[in-house]
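# Working through the structure, step by step
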Amino acid sequence: MMSLNFHFYFLILYANIIVPTQSLGDICLPKDHVALFIFGDSVVDVGNNNYINTTTDLQANFWPYGESFFKYPTGRPSNGRLIPDFIAEYAKLPLIPPYLQPGYNRYIDGANFASVGAGALVETRQGLVIGLDAQLNYFKNMETRLRQELGKKEAKALLFRAVYFISIGSNDYFVPLTSNSSVLQSYSHEEYVNMVIGNLTTVIKEIYKKGGRKYVLLGLGPYGCSPLFKALKPGNTGACFEELTTLVKLHNKALSKVLLELQSQLKGFKYSMADFYTFLSERINNPSKYGMLPSFS
């Protein structure tokens, strides 16, 4: 389970780009009210996969998920809360439910479009998840509804002042490395990473067109050193999965570069990028320093 310091790290990122809002039409909001919109994968999905036709491998709506905080499975792939929950609490927002949750329409607080197993590429688990392109379409549908309810000017103001949290990309590398896909034989590592980053960049630009100006991007972690991927190497005695590590490092470098480019190209574009790779590596290598004990020796 991740340290609370991890969540505080993201709260600081969020606080650095918050801008106060005003009242919207007939809905009176506190002056420090800022909506939170979330896109991504299992790191931030709070239950959208509960409402789609997929496999149980890509769902978390059964025990023991949720046992330590909610006391029941919510669809979060965690025993407790996820990063967006802590950010919402810090920002004095209610927990942002999954966009697909029946009856949820309080979009002035934000919306969570994320999906366990999703990727930036359309082909990543296509038909089993809500890919990033589909998440963008949900966002656009929500934006249309906001304009109808608040008026064009007020809806634009809400989206302009909102924060957009994006965590995506890991599954685009997991899937071809754990399946019979030949895609990584068809492209160089650099070419493939550029495809992933290209799709993500397109989505960011589309959100920008709708008014989005402030973004939090989560880099990819040291997934090649996770037990799952270590186990994929026959006879492995502890070495990391180097091909995945290479792709992750290329992804993080390319993402950092493209965000700088977007900042120079798009007026008012602001972002924070979290170095998830270093953050997790430090805790994997020095667990006791962060108050964690190894589960086995």
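Residues numbered from 1 in each chain as written. Predicted model: local features only at pLDDT ≥ 70, side-chain atom pairs only at ≥ 80, totals over all residues. Heavy atoms only, no water.

On to the sheet that holds strand S1 (residues 36–40), then. Sheets are built from strands paired through backbone hydrogen bonds, the pairs being either parallel or antiparallel. Spatially, five strands are ordered S2-S1-S3-S4-S5 in an open sheet, and the strand pairing comes out parallel. Lying at the two open borders of the sheet, with one neighbouring strand each, are strand S2 (110–112) and strand S5 (270–274). The mean inter-strand angle of the sheet, taken between neighbouring strand axes irrespective of direction, is 15°. Where strand S4 (residues 214–218) lies against S5, five bridges are found, and the strand directions are parallel. Bridging across to S5, lysine 214 finds its partner in lysine 270. (Pairing = 2+ DSSP bridges. Helix = DSSP H or I, 4+ residues; strand = E, 2+ residues; numbered from the N terminus. Axes fitted to C-alpha atoms, helices over the stretch in contact; angles between N-to-C directions.)

Turning our eyes to something else, we now look at the nonpolar core. Core analysis: the largest hydrophobic core is formed by 78 residues, its most contacted members being Phe37 and Met142. Ranked by residue count, the leading element in this core is helix H7 (residues 189–209), at nine residues. The contacts of phenylalanine 37, once residues within four sequence positions are left out, are Tyr107, Gly110, Ala111, Phe113, Met142, Leu159, Ala162, Val163, Tyr164 and Phe165. (Core = buried A, V, L, I, M, F, W, Y, C linked by side-chain atoms within 4.5 Å. Buried < 20%, exposed > 50% of the residue type's maximum accessible area, 1.4 Å probe, protein only. Contact = heavy atoms within 4.5 Å.)

Once that is clear, we can look at the pattern of salt bridges. Considering all chains together, one arrives at nine salt bridges under this definition. Between glutamate 143 and arginine 147 there is a salt bridge; the shortest N-O distance is 2.8 Å. Placement of both glutamate 143 and arginine 147 in helix H3 (residues 132–150) is noted, with a separation of four residues, approximately one turn of the helix. When its relative accessible area of 33% is taken as the criterion, arginine 147 is described as partly exposed. Classification of glutamate 143 as buried rests on a relative accessible area of 7%. (Salt bridge = Lys/Arg side-chain N within 4 Å of Asp/Glu carboxyl O.)

For the rest of this paragraph, the subject is the state of the cysteines. Simply put, the disulfide is a covalent bond whose two ends are the sulfur atoms of two cysteines. Applying the stated criterion across every chain yields a total of one disulfide. Across a sulfur-sulfur distance of 2.0 Å, cysteine 225 and cysteine 240 are joined as a disulfide pair. With the S-S bond torsion at 110°, the cross-link from cysteine 225 to cysteine 240 turns out right-handed. One end of the pair, cysteine 225, is in the loop between S4 and helix H8 (227–231); the other, cysteine 240, is in the loop between H8 and helix H9 (242–265), with 15 residues separating them in the sequence. According to the relative accessible area criterion, cysteine 225 is partly exposed, its value standing at 22%. A relative accessible area of 17% means that cysteine 240 is categorised as buried. (Disulfide = S-S within 2.5 Å.)

The description of an aromatic ring pair rests on the distance of the ring centres and on the angle between the ring planes. Here the structure, examined in full by the defined rule, presents 20 aromatic pairs. Between phenylalanine 37 and tyrosine 164, the aromatic rings sit 5.5 Å apart at their centres with planes inclined by 20°, giving stacked as the arrangement. In this pair, phenylalanine 37 is assigned in strand S1 and tyrosine 164 in strand S3 (residues 163–167), connecting sequence segments 127 residues apart. The buried category is assigned to phenylalanine 37, whose relative accessible area is 0%. Since its relative accessible area comes to 0%, tyrosine 164 is described here as buried. Aromatic side chains phenylalanine 39 and phenylalanine 139 sit 5.7 Å apart centroid to centroid with 65° between the ring planes, which places their arrangement in the edge-to-face category. Here phenylalanine 39 is found in strand S1, whereas its partner phenylalanine 139 is found in helix H3, with 100 residues between them in sequence. The structure contains a cluster of three or more aromatic residues connected by ring pairs, namely Phe37, Phe39, Tyr99, Tyr104, Tyr107, Phe113, Tyr138, Phe139, Tyr164, Tyr215, Phe269 and Tyr271. The aromatic ring of tyrosine 208 is capped on one face by arginine 213, whose charged end is 3.7 Å from the ring centroid. Across from the ring centre of phenylalanine 160, 5.3 Å away, lies the NZ or CZ of lysine 214, which sits over that ring. (Phe/Tyr/Trp six-rings, centres within 6.5 Å; stacked < 30°, edge-to-face > 60°. Lys NZ or Arg CZ within 6 Å of the ring centre and 35° of its normal.)

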